[in-house]
Amino acid sequence: MTSPEQRAAAILATQRFVVIGTADADGPWTAAAQYRLLPRGMYVESDVSSRHARAIAASGVASGVVFDSSAAPADADGVQLAFAAREVDADASAIRDVLAARLPRDAGDDDPATVLAAPTKRLYVLAVERAFVFDRDAWRSHGTDARLEVDVTEVWAQLAILRR
């Protein structure tokens, strides 16, 4: 039987987009972004003027969900995440450090030029503090929408060895 941590790792390894949740003075906001995996988190690229980027700069926190939108309702699964979030400085060495830390699934060119080419483009590191998966047993037996907390350290240990 697959553990909740294995399910979370599989979802994060096979999907490419996270829906990021933030809040500001105007209220809550969500935005989808392509992510790359880092040790115990992920990073996304965004413009500094985006609403979620401004909210991250102000609060240092965000939330997110990664899920397979093609799954049948009976097979629905996803990972909900609580992040400590930060903008990466717009200098080549800071960007290179983030790019070089990518997990095997997302390894590639570590040249910061593509980020620096757009003056308002930044990397945002989303460090996972807590993670949850859908409680399938509660759903199937009682129709209850519930979550199971997973061991983040175990999830990222599994992700570090995956090559996708």
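Please refer to the structure higher up on the page.
Values in this document were obtained by computation on a predicted structure and should not be read as measured data.

Colleague: Give me the packing of helix α1 (residues 4-14) against helix α6 (residues 152-161): which residues, what numbers.
Modeller: One can describe the packing of α1 onto α6 by two numbers: an axis separation of 9 Å at closest approach and a directional angle of 50°. Between α1 and α6, the crossing angle belongs to the class labelled oblique. Crossing angle aside, the handedness with which α1 passes α6 is right-handed. Of the residues in α6, those in contact with Glu5, Gln6, Ala8, Ala9, Leu12 and Ala13 of α1 are Glu154, Val155, Trp156, Gln158 and Leu159.

Colleague: Explain the environment of serine 69 residue by residue, including any values.
Modeller: Along the chain, the position of serine 69 falls in the loop between β4 (61-67) and β5 (78-87). Judged by its relative accessible area of 65%, serine 69 is exposed. Separated by 54 residues in sequence, serine 69 and glutamine 15 place their C-alpha atoms 9.7 Å apart.

Colleague: How would you sum up the pairing of strand β2 (residues 27-38)? Please name residues and give values.
Modeller: When strand β1 (residues 17-24) meets β2, the two strands line up antiparallel, connected through eight bridges. Within the sheet, the bridge partner assigned to valine 18 lies in β2 and is alanine 33. Connecting the antiparallel pair β1 and β2 is a turn made up of two residues. Here β2 pairs with strand β3 (residues 41-47) via four bridges, running antiparallel. Along β3, the bridge assignment pairs tyrosine 35 with valine 44. Here β2 hands over to β3 after two residues, with arginine 40 in that stretch at a positive phi of 60°.

Colleague: Break down unusual backbone geometry for me, with residues and values.
Modeller: A positive phi is found at arginine 40, a non-glycine position, where the angle reads about 60°. Examined against the element boundaries, arginine 40 turns out to sit in the loop between β2 and β3.

Colleague: Hey, could you go over the nonpolar core for me, with residue numbers and the actual values?
Modeller: Formed by 31 residues in total, the largest nonpolar core has its most connected members in Leu12, Met42, Leu81, Trp156 and Leu159. Setting aside residues up to four positions removed in sequence, methionine 42 forms contacts with Leu12, Val18, Tyr35, Arg36, Leu37, Val66, Leu81, Phe83, Tyr124, Val125 and Leu126. Counting residues in hydrophobic clusters, the runner-up holds 10 residues, among them Tyr43, Val88, Ala94 and Leu123.

Colleague: Describe in detail the pairing of strand β6 (residues 121-134), supporting the description with residues and values.
Modeller: Of the strand pairs in this sheet, β3 and β6 are connected by seven bridges, and their pairing is antiparallel. Each bridged residue has a counterpart across the sheet, and for methionine 42 the counterpart in β6 is leucine 126. Sheet topology note: the β5/β6 ladder contains nine bridges and is antiparallel. Bridging across to β6, leucine 81 finds its partner in alanine 131. As paired strands, β6 and strand β7 (residues 147-150) are joined by four bridges and run antiparallel to one another. Opposite phenylalanine 134, over in β7, you have arginine 147 as the bridge partner.

Colleague: Outline helix α3 (residues 92-100), listing residues and values.
Modeller: Taken together, the buried positions of α3 are Ala94, Ile95, Val98 and Leu99. Looking down the long axis of α3, one finds its buried residues gathered within 135° of arc, a one-sided arrangement. Each element contacted by the buried residues of α3 is listed here: β2, β3, α4 (113-116) and β6.

What counts, and at which threshold
Residues numbered from 1 in each chain as written. Predicted model: local features only at pLDDT ≥ 70, side-chain atom pairs only at ≥ 80, totals over all residues. Heavy atoms only, no water. Axes fitted to C-alpha atoms, helices over the stretch in contact; angles between N-to-C directions. Helix = DSSP H or I, 4+ residues; strand = E, 2+ residues; numbered from the N terminus. Parallel < 35°, antiparallel > 145°, perpendicular 65-115°, else oblique. Left-handed = near helix turned anticlockwise from the far one by under 90°. Contact = heavy atoms within 4.5 Å. Buried < 20%, exposed > 50% of the residue type's maximum accessible area, 1.4 Å probe, protein only. Pairing = 2+ DSSP bridges. Core = buried A, V, L, I, M, F, W, Y, C linked by side-chain atoms within 4.5 Å. Arc of directions from axis to C-beta.

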